[in-house]
Structures are given as structure tokens and as C-alpha cells.
Amino acid sequence: MAITMTKGQAGLTGNSAIAYAMKQINPDVCPAYPITPSTAVIEEFASYVADGAVSTELITVESEHSAMSACIGAAAAGARVMTATSSQGLALMWEMLYIASGMRLPIILTDVNRALSAPINIHCDHSDSMGARDSGWIQLYSETVQEAYDNLIQAVRIAEDESVQLPVMVCLDGFITSHAIENITLLSDEEVQGFVGEYNAKTTLLDTDHPVTMGAMSLPENYIDFKFQQSQAIARSRETVLKVAEDFGKRFGRKYGLFETYRLEDADIAIVILNSAAGTTKVAVDELRKKGLKVGVLRPRLFRPFPFKELAEALKDKKAIAVLDRADSMNGFGGPVFNEIRSALYDAEKRPKVVSRIYGLGGRDYKVKDAIAVFDELKAIAETGRVETLQKYITL
Amino acid sequence: MATLKELSKQNELLTGGHRLCSGCGIPPIVRLVLRAANGPVVATTATGCLEVGTTIYPYTAWRIPWIHSAFENAAATISGIETAYKALKKKGKLPGGDKDIKFIAFGGDGGTYDIGLQALSGALERGHNFLYVCYDNGAYMNTGIQRSSATPFFSNTTTSPAGDVIPGKQEWRKDLTRIVAAHNIPYAAQASPHNWADLSKKAEKALKIQGPTFMNVMSPCPLGWYTKPEDSIKWAKLSVDTCYWPLYEVEDGILKITYRPKEKKPLEEWLKPQGRFKHLLKPENRNLLDKFQARVDLEWQRLLDLDGKRI
Ligand SMILES: Cc1ncc(C[n+]2csc(CCOP(=O)(O)OP(=O)(O)O)c2C)c(N)n1
Ligand code: SF4
Ligand SMILES: [Mg+2]
């Protein structure tokens, strides 16, 4: 894949940008299995391998379960490892996701978000990565192609940080971001290499002079202690995410945080929403602001670990908030993001009203008018202090 | 090949003190295979008795780098490890400098014939450089003797119980060694721990070959077979002498029987001491015993027909 670049800029799809970032990172091993809409990542990376543009060993495994299993084996052997998947692929990996994080292996996975069957559907929603939210992986969400590219490069540093040592999942919206061409700023190979640095695993299976046993059975005497350490590590990663973002910003000028706010500071009402739909919501915000309405958006970038304190701080003074989830926690108390945002706000002095709206499942369009309708509802809630419908589906 | 005396002087790479049952067939198999590596070796093990019995934290019986990941993915795990080795070797980044490392995956019959078959097939097809050793004790022993597709005909297991109407497992076992050989890998063999010389020779050969190799090894299990621990090796030998478990290899496509019993023993001699076949010895079940014997004879004849031939 030849990328045409003008002054460091190139028009790339999300998938091409991810494949290109992988090329620049040049991981040691990439076990991979295709699935729409992330297939192009694997295909384009396979051409980088075939053309000798990377020194990576590609393993074209026979399933995603084996892809993650091979990632685990390779990472345990001290390799820098990356893969990509979507939907059913991530679901098939589910068992292994827990083993990757439990063994503290800094594996990087791109999840191009897609709905889960049944009915089978290849389009965007977040059911796949939300299903993995308790698996101990750090999760970064990306609104744009640029952010997906930047997130993947930062993910390497986050995962491999000595105080973290955990796998990282970078999520971007299937088709909407993975297949749309965006003009993005690319870093040079040297800049990427300089940023990610060389990986030297401390403990590896290949150090045959110092044999280690990994994946031992653990009984009640120590299992919970391992889990405690793991939870401490993922909690620590919050700082690492910020530290890495700061260095990234310093070197390359693009700034990232735990979340992004858009015209939020003085807003009375707000929508919290992940990934590409935040862009649509921002357009709605601009329209409504023209009419004098104080509206804003908060877009979480880091969902695991969940930065509940900072999120609560950013949202605590709002009168009404709608959390829009592109995944349903079937008949739970609202969508997964809603659930956590509302919980985070429980201790706020003046607790905002928070409602759950499920939108866009299986690629259903979410339009500016949908965002405006939600803001209209929020306006009424803010004025009356009354919530008519706590949770519902929109974009039906 | 090393003599028994020389072998006995080597360091055990799987130490004693592990928690596998006394009389278990697995430890001698693993030790013979690891000795055959004769150099740096890295291993993985599927979930099952070997894994559980050797690594209860904070203890480990392994003196080599070893990893357990899950039940169905030993072949995929070793694929990742072996590929990491290739990648890091290429970059001159192997810890302790450049060296030749052997890669071995161990799995039980459940982890190999059943849930791990896809991962195994994939790894064989991709041609990774590793030896896969299946220890076949004929059931999911670690979880309490449930049937697998390797369980012998009519065997009494907890999920194929010998009941009043159904007399144990109704299906003939899957012929995994032949299925593996059909991947056209350079080497596949069947072995048994009672014949240590045959087993060691096969392991040495397999580990010298570049590319995927496979060994299916009979592994007596006193707990699941309802036999005495001290007799395990005897029953391993009888499984071979009755031709239930023939010793053979398929090297570069040529099948070779590596041991022919001088006198083929009646199957009943192997079944009789094992509690899992107790119901077969009832007079009313004579027909089942005959059926079992007839199938063993047929399979043995098939193998004899193929001996020395390209398959
Ligand atoms: C995905 C999954 N399914 C089921 C199990 C439960 N399980 C653990 S070991 C085992 C049986 C192992 O049988 P086998 O491979 O024959 O090894 P053995 O116990 O005989 O040593 C089973 C069913 C598991 N750990 N993982
Ligand atoms: S149950 Fe059987 S296979 Fe498992 S350790 Fe005991 S004897 Fe060995
Ligand atoms: Mg078994």
C-alpha cells in the first residue's frame, strides 16, 4: 500500500491509518484473522509484510480465538504484539482477553466497532467492545481517523509502561470511521519509532537460562491478590494515559486527555457520547448555541479505567445530561456508559438529572436532528426538574 | 539415542513433588520427551491434569520456561511463542544470545482431540516448528472422568455411564493420529510410556525435524481406569500388545509400524483389570466384547495393510 503524502498529510480511511500506524510501529508479531469491517487493517498490513516494509512475523491464524492465543504466547515470549478485529471476532476472543490481561501482557488490539449477531449485521455499534469492558483491558475510544491513528501509537507506550503492563484496545467506529476517508497528519517513521521506543520485556519464556512458569493455577489463598494487583495496575494506567498524551502533545502538537469536552464549560445541558457520533452531536451543539441555548458535549476517550472523578467534576454543575449508548446492556439500568456516568455523579452536591438513550444500533444513522431532539428533551427536564422517560431507544 | 543409564543421570526437567496421582502415566511421558529435547526447550500445556498437577501457585514442577493459557489453545499458544522466537532471533534480540530452542505443546485427549482440534489443525497447516504431544488417558480426567472422542468403545465414564439400557460409550474413538498425519506434516507417531526406548526415539526424531511434528501417547490413569497405580505401565503395555494402541509412525508420508507384538493378546486381557470396562465382562454383554474385539482386529489389519506404504 503506497500512501500518497503531501506535507505529512494524507487522505486515509480509518483502517488504512491503523494499518499504517502498525507499519510504523513495526511490531514483532501480528497474529490476525479477517472480519468486516476491520479486514482491511489485516490485508493492508499483510502487504506491508509481503513488501518487506516491516520485519513483523504475520501469523494468519485459523480463528480469532487462536489470534488472541497466539498474541498471548508471543507476548509471553517477549515480543511486541498487535492484532485487529471486530464484533464476532472480539466475542470469540472473549475468553482469551481475560487471560491476556490477567497475565499482564501488553498486547495491542484495534477493535473496529461492529454490532453483534443475531441478527447478523456488519455495521457500527459498540456492543463488541462494551462486552469486553470488564476484561481488564484499557480501552481508548476514537472519534476520528486522526485520533484512531494517534491512539494506536500512544497505546504502545501505555501498555508497555512498567507500572502498567496491560493490554490496550483502541476502538473506532466500523464503516463510519474505518471506511471514511479523512485528511490526516501522519508522523514520520522516525517520529513513531522515537515515540514508542524499543521494547525489552523483563520476563520472557525465551530466556531459557532463567526459566519461568506462567499461567500457574491459583487457589483462593492468592487468586484475589493477583486480581487486586491487576486492578491497581489498571487504575495506575490513568496517569500513564495522561503522561503519554502529554508527551505526544509536546512532540507532535496534538493534545489528548481522558475525555474531550465541547462547549461544555458553561452548558446547562449536555450529551455524553463515544466515538464518531460525538462529531454529529457537536454540529447540533453549534446550531443550538446559535439560538442561545447553553448546550455541550462530553466525549469519553478513556473508558477503562473509567475516570469517574474527572468526569463527575466536568459534569456536576449541569442541570440535565443524556448519556447516549451505542450498545444496550439488555434490560439493565440503562446503557453501559450511562450506568457509569450516573454512578459517578451520585456524590455530586447538586446531582444532575441523567437519562439513558440507546441509539444507532447495527449502524442505524444518528443525525443532527436526533441530537437536537435529545437536547430538546434535556431542556424540558432542566426547566421542569422532571424526567418523563429515564431510559429509551432513539433513532428507531 | 541415550541409554537408560545415561538418561537416569540427566537432570529431571519436571521435578518430583507435583500433585499428579501416583501411577499416573503423564509424568514419565513428559520426562522422556523433555529429555529427548537435549537442549533449551520451552513448553506450553493445555488445561487438564498435567497443568493443574504441576503448577499450583506458588509451586512449579517445571525447570524449563513453561506457560499455561487455556484449554483449547495449546497449539495456538505455541504458534505465538515459536513465532516470537523467529522474530526476535531475526533482530538479534534473543535473551542470552542466539540459540536453538525447541518448542513443545502438551495436551490431554480432551484438549487435543476435541476442543483443541481446530487450533492444532491450524498450527499444523501453518507449519510452525514445534512438537505437539497428546497424552491420551481416554477421558476428561481432571474434571472427573467425562467422555472424550478418544474414550474407548463402551467405556464407563461420568457422561457415558454404563447404565441399565446404554452400556457406556457408544462410539468408536476418533483416529487422531491419522487425522494429524493427513495434514501432511513431516512426522506423526503413536507411542506408549512402557516402551521408553521407542517413545524416546520418536521424540528425538520429532524434535530434530524442522516443522510441525506430533506424538499421540497412551497415558494410563488409575483414577479414571479404576486400576491399581502400581500396574499402570503393565496396562500401557497390554494396550499395545492387544493392538488397541499400535505403535507406529508416519514419516514423510510413509507409515511404519515400529513394534509388532510377537503374539497379539486378546483384548479382554486389557479390559478385564480396568473398572471402566467392568460391565463388559458380564455374560449378557459378551456380544459387546466381541464387537469391540472385532473392531480392534479390523483397525489393526488396516494398519498392517498400510505398513511400509505411502499414505
Ligand atoms: C473452555 C473450557 N471448557 C471446559 C473447561 C473445563 N475443563 C478443564 S480441564 C477439562 C478436561 C481435560 O481433559 P483432557 O484434555 O483429556 O486432560 P486430562 O484432564 O485428562 O488430563 C475440562 C473439561 C475449561 N477449562 N475450559
Ligand atoms: S486423574 Fe488420571 S490423568 Fe489425572 S493425575 Fe490422576 S492418574 Fe493422572
Ligand atoms: Mg484426558
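Refer to the preceding data block for the structure.
It should be emphasised that the depicted structure is a prediction, and the values quoted were computed from it without experimental measurement. (Residues numbered from 1 in each chain as written. Chains lettered and ligands numbered in written order. Predicted model: local features only at pLDDT ≥ 70, side-chain atom pairs only at ≥ 80, totals over all residues. Heavy atoms only, no water.)

1. Notes on the overall build of chain A
Phase 1 of the analysis: Each helix and strand in chain A was counted, giving 12 helices and 16 strands.
Phase 2 of the analysis: For chain A, the spread of C-alpha atoms along the three principal axes comes to 70 × 60 × 45 Å.
Phase 3 of the analysis: A total of 396 residues make up chain A; the buried ones form 57% of that total.
Phase 4 of the analysis: Partitioning the intrachain contacts of chain A with sequence separation of at least 6 by distance along the chain shows that 82% fall at a separation of at least 24.
Phase 5 of the analysis: Accessible surface, chain A as shown: approximately 15,400 Å² in total, 52% of it carbon and sulfur.
Phase 6 of the analysis: Distance from the positive charge centre (41 side chains) to the negative charge centre (51 side chains) of chain A: 9 Å. (Helix = DSSP H or I, 4+ residues; strand = E, 2+ residues; numbered from the N terminus. Buried < 20%, exposed > 50% of the residue type's maximum accessible area, 1.4 Å probe, protein only. Contact = heavy atoms within 4.5 Å. Areas by Shrake-Rupley, 256 points an atom, 1.4 Å probe, with all protein chains shown as cover. Lys, Arg positive; Asp, Glu negative; His and termini not counted. Charge placed at Lys NZ, Arg CZ, Asp CG, Glu CD.)

2. Overview of the overall build of chain B
Phase 1 of the analysis: Along the backbone of chain B there are 12 helices and eight strands.
Phase 2 of the analysis: Seen through its C-alpha atoms, chain B measures out along the principal axes to roughly 70 × 45 × 40 Å.
Phase 3 of the analysis: The 311 residues of chain B split such that 59% are buried.
Phase 4 of the analysis: Taking as baseline every contact in chain B between residues at least 6 positions apart, the subset at least 24 positions apart corresponds to 70%.

3. Focus on the nonpolar core
Phase 1 of the analysis: With 115 residues, the main nonpolar core has A:Met68 and B:Phe292 as its most contacted residues.
Phase 2 of the analysis: The element that contributes the greatest number of residues to this core is helix 4 (residues 74-90) of chain B, accounting for nine residues.
Phase 3 of the analysis: The two domains that each donate at least three residues to this core are domain 1 (8-252) and domain 2 (260-393) of chain A.
Phase 4 of the analysis: Apart from residues lying up to four places away in sequence, B:Phe292 is in contact with B:Pro152, B:Phe153, B:Phe154, B:Trp172, B:Tyr244, B:Leu267, B:Leu271, B:Phe277 and B:Leu280. (Core = buried A, V, L, I, M, F, W, Y, C linked by side-chain atoms within 4.5 Å. Domains from an automatic or database assignment.)

4. Digging into helix 2 (residues 39-50) of chain A
Residue and element names in this part refer to chain A.
Phase 1 of the analysis: Its 12 residues place the ends of helix 2 16 Å apart at the C-alpha level, agreeing with the 16 Å of an ideal helix rising 1.5 Å per residue.
Phase 2 of the analysis: Of the surrounding elements, those touching the buried residues of helix 2 are helix 1 (14-25), strand 2 (29-32), strand 3 (57-60) and strand 4 (82-85).
Phase 3 of the analysis: Among the residues trailing helix 2, Gly52 stands out with phi positive, at a value near 75 degrees. (Expected span 1.5 Å × (residues − 1).)

5. Here we look at the interface of chain B and chain A
Phase 1 of the analysis: Listed per partner, the contact involves 44 residues of chain B and 47 residues of chain A.
Phase 2 of the analysis: Among the residues chain B hides against chain A, the three largest losses belong to B:Tyr57, B:Pro65 and B:Arg126. Together they make up 16% of the total.
Phase 3 of the analysis: Across the contact surface, chain B and chain A share four salt bridges.
Phase 4 of the analysis: Counting across the chain B and chain A interface gives 17 residue pairs in polar contact (both at pLDDT 80 or more).
Phase 5 of the analysis: For the side of chain B that touches chain A, the secondary-structure elements that each account for two or more residues are strand 1 (41-45), helix 3 (49-54), strand 2 (66-68), helix 4 and helix 6 (117-126) of chain B.
Phase 6 of the analysis: Among the elements that make up the side of chain B that touches chain A, the one with the highest residue count is helix 4 of chain B (12 residues). (Buried area = accessible area lost by both parts, 1.4 Å probe. Salt bridge = Lys/Arg side-chain N within 4 Å of Asp/Glu carboxyl O. Polar contact = N/O pair within 3.5 Å; in protein donor to acceptor, adjacent residues only side chain to side chain.)

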